[in-house]
Structures are given as structure tokens and as C-alpha cells.
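Spelled out from the first residue to the last, the chains are:
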Amino acid sequence: MQSWQELLRKKSLASLDALVAKFGPEQFPDLERLRQAALNFEFRISPAMVDLIKSPGDPIWRQYVPDLQELEVGDGLVDSLAEDAHSPVPNITHRYPDRALFLVSPVCASYCRFCTRRRKVGDPEKISMRELESAFRYLEAHSEIRDVIMSGGDPLLLSDRRIDELCRRLRAIPHLEIIRIGSRVPCHLPERVTPELCGILRRYHPLYINTHFNHPDELTPAAVEALGRLADAGIPLGCQTVLLKGVNDDVAVMKLLMQKLLAARVRPYYIYMCDQVAGAEHFRTTVEKGLEIIRALRGWTSGLAVPHFVIDAPGGGGKIPLLPEYVESLTDDAVVLRNYAGRRYVYRQPARQEPILVG
Ligand SMILES: *Cc1c(COP(=O)(O)O)cnc(C)c1O
């Protein structure tokens, strides 16, 4: 049987020429300019995603095939979330009081054209354990950090041995209560989720994985099985979806995605507005579209299928939640509410407590 490494190396589309050969030159009329666009960011489409493309311009194609619009940088930002400004040592972003982001791998199985971290992702192939030493020392020294999030790139593209080493090293830090991994591997390369990998991960509980699916078609039988193996290893699974024009900016598509995630034992966690990142302008939708989607989920389907809708604030403000308006008025006496179907309800406030006078 082919290893996942071999599969990724031999069966991926890893160059524009391979892409053109696969889909035909007529799909790429301005190839020379497209080469320029592709130069700005890593390119690879993993076998599972190649198989999912049904026709040019479809939701899977849009996520991975370079587009001339990437050359239109507009007011996009290189580091839109100011992650580097909040980086006390290489590979750590420490923005929130009690948790930190830890970039452990610059490599992904497929490169999303809307990547928020495109400035960092791609080369070099690997970050050595020695280069991570200052990050480990930072995490050890900062006892307020109780939650560490391994991200990248994709942490699960590292070797089993390296993942084991990273987890062991983190678990030796007493104040780290939970370890999280952000990975798109269950979608991009489900073959990577081997029984051996699950056997390693399950030794480091409490460990959470947030995965990333953007379209219901991505929940292939192979992806669902991979998610099942992770869930069977006792790992709670979440999903961070990005709202993307022409991919999932549609109520019916999003609802189906959320329902299919739940059926695959994944609890939807966030829907993000697409970041204002340079080269990804053509993926952005209006904020109203996101609110419309949340309104169409809440009450109309399982509450478990309704993630938080957030904007990761440009400049490093962190994730800020947005909700459709359900409160019509709020006074000391009562709150007037609209339910999911638009009907009006009144909830009375408790009788006001008079301050107790002492003496
Ligand atoms: C998203 C993120 C986190 C984790 O945020 P949660 O809301 O706890 O999931 C932590 N640090 C950084 C820099 C982040 O971007």
C-alpha cells in the first residue's frame, strides 16, 4: 500500500504545468500572467481535492486553483491579523490572556488561495526542533498559558515521530491544560489519519482538533472515516469554516455543510469572515451575508449545527462575534425579543433589588 507521503508526492498537482495538463490549456487563457499570480504563493492540490473538482470554477476549484485576481492586491494586508507584531519569539503568537498559537509546520497538503498566513506558508520544508526551542521556553516560562494551539501550515503533515515529540514536550509543561491542533488534513489528505497517528495523539489528552471544511462535497466517505478515527481516539472535533464567495456564500450550502459535519461527529466551531489578506479580495463577501446564514441556521436546524460567526479583527484584535439582531428592546422592566421565525416575545426582568442600607 502507498504511504500518505508517497501519495502526496506522486498524485498531487504540484505545478501550473501539471494543472494545465490535467484540465486543458483552454481553461487558462492567460497562462503567463497566471504564472505571476502563482509565484506569490505556494501551489499544490492534494489527490483528494483534485478528485473533487467536477468542473472549472466550481467551489473546490475556486479554493485551490490560482486565479488572476490574486494579482489585484487592493487594500489587502500582508499580515492582516498582525500575528507577527504579537509574536514574542519565532513561531509563537500570544494575543489572548491564557492561550497561545504555536506554528509548528509551514507545509500544507493543499494550499488554499485565501490563506491568511500566505506570507509564512510554503518554504522551507521543515522547522527543526532546534528552531522551536525558543518557543518551548516561552511556553514554559509563561504559566498563564493554559491552552496551546498548534497550527501552521498543517501540523498533521509532520511525521508521526515529530508529532509525538511535540506533544510530549508540550505535555511536560504542567500549566498547559489543553493542547489543540488546527488541521485541514481530514479534508485534504484523509489517508494521513492513520491508526498509528491516532494511537499517538490519544496519549496526550485532553487534546482537541479543529479541522476546516468549507463545502459539503468535502465530506467524502474517506474524510468521514478519517474524522471517525480521530473521534474514536477520544478527540473532540471542531470545524473552522471560512465564508467564501462562490464557495459557500449560500444558506442552503452552509446548512448542509453544518449538518454533514455533525453527522461526521464534528461540532461546527467558527464561521470566519474571510480576512482582508492581500491577493484574496475576490473571496470576500459582505458581513450581511454571514449574518443571513446564521439567521438561517439558528432555530431552523440543530443548535449544535450553529457555529459562532466571527471577524478576526484586522490589526490583531482577535475574534469578535457577530449575531443577527434578536433583541428589539431592553429596559429595566423587560426585554422584547424576536424568535427565529420573527415572532415577538416579552421576557420580564426580575423585580429590581433595592440596595440594602447597613447601619
Ligand atoms: C484563534 C486564535 C486563538 C484561539 O482562539 P479561540 O477563540 O480560543 O479558539 C488563539 N490565539 C490566536 C492568535 C488566534 O488567532
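Relevant structure appears above.
Quick caveat, the model's predicted, so the values are computed rather than measured.

K.L.:
What exactly am I supposed to notice about the overall build of the chain here?
P.N.:
Within the chain, the regular secondary structure consists of 12 helices and 12 strands. Taking 21 Å as the expected radius of gyration for a compact globule of 359 residues, we find that the chain reaches 22 Å, a close match to that expectation. In terms of its C-alpha atoms, the chain occupies a principal-axis envelope of roughly 80 × 50 × 40 Å. Per-residue burial for the chain yields a buried fraction of 52% across its 359 residues. Restricting the contact set of the chain to residue pairs at least 6 apart, pairs at least 24 apart contribute 74%. Carbon together with sulfur atoms contributes 54% to the accessible area of the chain, which is approximately 17200 Å² in total. Of note, the chain has its 46 positive side-chain charges centred 4 Å away from the centre of its 46 negative side-chain charges.

K.L.:
Looking at this model, I keep getting lost on the packing of helix H11 (residues 251–263) against helix H12 (residues 287–297). Mind explaining?
P.N.:
Packed helix pairs are specified by the crossing angle of their axes together with the interaxial distance, meaning the distance between the axes. Packing of H11 against H12 leaves a shortest axis separation of 10 Å and a crossing angle of 55 degrees. Our classification of the angle between H11 and H12 gives oblique. The way H11 lies across H12 gives a crossing that is right-handed. Together, Val251, Met254, Lys255 and Met258 of H11 and Glu292, Ile293, Ala296 and Leu297 of H12 make up the contact between the two elements. A breakdown of the residues in the contact of H11 with H12 according to their chemical character gives six nonpolar, no polar and two charged.

K.L.:
It is not clear to me how the pairing of strand S6 (residues 237–243) should be interpreted in this structure. Could you clarify?
P.N.:
Each regular strand displays side chains that alternate between the two surfaces of the sheet. With six of seven residues buried, S6 is to be regarded as a mostly interior element. Two elements, strand S5 (residues 207–211) and S6, share three bridges in a ladder whose sense is parallel. Counterpart to Asn210 in the pairing with S6 is Gly238. Pairing analysis gives seven bridges linking S6 to strand S7 (residues 266–273), with the strands arranged parallel. Considered in S7, the bridge of Val242 is made with Tyr272.

K.L.:
Whenever I open this one, the sheet that holds S5 confuses me. Can you help?
P.N.:
Note: strands within a sheet are paired through backbone hydrogen bonds, in either parallel or antiparallel orientation. Read from one edge to the other, the open sheet built from nine strands follows the order S1-S2-S3-S4-S5-S6-S7-S8-S9, with strand pairing classed as mixed. The open sheet has two edge strands, strand S1 (92–93) and strand S9 (318–321), and neither has a second partner. In the packing of H11 onto the sheet, the strands contacted are S6 and S7, and the crossing angle to S7 comes to about 145 degrees.

K.L.:
Would you mind showing me how to read the site of the ligand here?
P.N.:
Near the ligand the following residues occur: Thr93, Arg95, Tyr96, Arg99, Leu101, Ile149, Arg180, Tyr269, Tyr270 and Lys319. Tyr269 has a polar side-chain atom sitting 2.6 Å from an oxygen atom of the ligand. The separation between an oxygen atom of the ligand and a polar side-chain atom of Tyr270 is 2.5 Å. Protein chains shield 90% of the accessible area of the ligand, which is 390 Å² for the free molecule. If you list the elements that add at least two residues to the shell around the ligand, you get strand S2 (99–105) and S7. Residues that form the shell around the ligand fall into these classes: five nonpolar, one polar and four charged.

K.L.:
Would you explain the pattern of salt bridges in this entry?
P.N.:
Two side chains of opposite charge can pair, provided their charged atoms sit close to one another. In the structure shown here, the tally under the stated rule is 28 salt bridges. Across the pair Glu83 and Arg117 runs a salt bridge, and its minimum N-O distance is 2.9 Å. Remark: Arg117 occurs in the loop between S2 and helix H6 (133–141) and Glu83 occurs in the loop between helix H5 (59–64) and S1; sequence separation between them is 34 residues. Taking the relative accessible area as the measure of exposure, Glu83 reaches 4% and is therefore buried. A salt bridge links Arg162 to Glu165; the shortest N-O distance between them is 3.9 Å. Linking Arg162 with Glu165, this pair stays in helix H7 (residues 160–171), spanning three residues, or about one helical turn. With a relative accessible area of 11%, Arg162 lands in the buried category.

K.L.:
Is there a simple way to think about helix H1 (residues 4–11) in this case?
P.N.:
Because each turn of an α-helix spans 3.6 residues, side chains separated by three or four positions end up pointing in the same direction. Among the residues of H1, Trp4, Leu7 and Leu8 are the ones counted as buried. End-on view of H1: buried residues confined to an arc of 95 degrees, all on one side of the axis. Looking at H1, the residues exposed on the side facing more than 90 degrees away from the buried face are Arg9 and Lys10. Taken together, the buried residues of H1 touch helix H4 (47–52).

K.L.:
Quick question: what am I supposed to make of the environment of Val20 here?
P.N.:
Within the fold, Val20 resides in helix H2 (residues 16–23). Residue classification places Val20 among the buried residues on the basis of a relative accessible area of 13%. In the structure, Val20 is positioned 11 residues away from Leu31 in sequence and 9.0 Å away in space, judged by C-alpha atoms.

Rules of the game
Residues numbered from 1 in each chain as written. Predicted model: local features only at pLDDT ≥ 70, side-chain atom pairs only at ≥ 80, totals over all residues. Heavy atoms only, no water. Helix = DSSP H or I, 4+ residues; strand = E, 2+ residues; numbered from the N terminus. Rg over C-alpha atoms; globule rule 2.2 N^0.38 Å. Buried < 20%, exposed > 50% of the residue type's maximum accessible area, 1.4 Å probe, protein only. Contact = heavy atoms within 4.5 Å. Areas by Shrake-Rupley, 256 points an atom, 1.4 Å probe, with all protein chains shown as cover. Lys, Arg positive; Asp, Glu negative; His and termini not counted. Charge placed at Lys NZ, Arg CZ, Asp CG, Glu CD. Axes fitted to C-alpha atoms, helices over the stretch in contact; angles between N-to-C directions. Parallel < 35°, antiparallel > 145°, perpendicular 65-115°, else oblique. Left-handed = near helix turned anticlockwise from the far one by under 90°. Nonpolar A, V, L, I, M, F, W, Y, C, P; charged D, E, K, R; others polar. Pairing = 2+ DSSP bridges. Near = heavy atom within 4 Å. Polar contact = N/O pair within 3.5 Å; in protein donor to acceptor, adjacent residues only side chain to side chain. Salt bridge = Lys/Arg side-chain N within 4 Å of Asp/Glu carboxyl O. Arc of directions from axis to C-beta.

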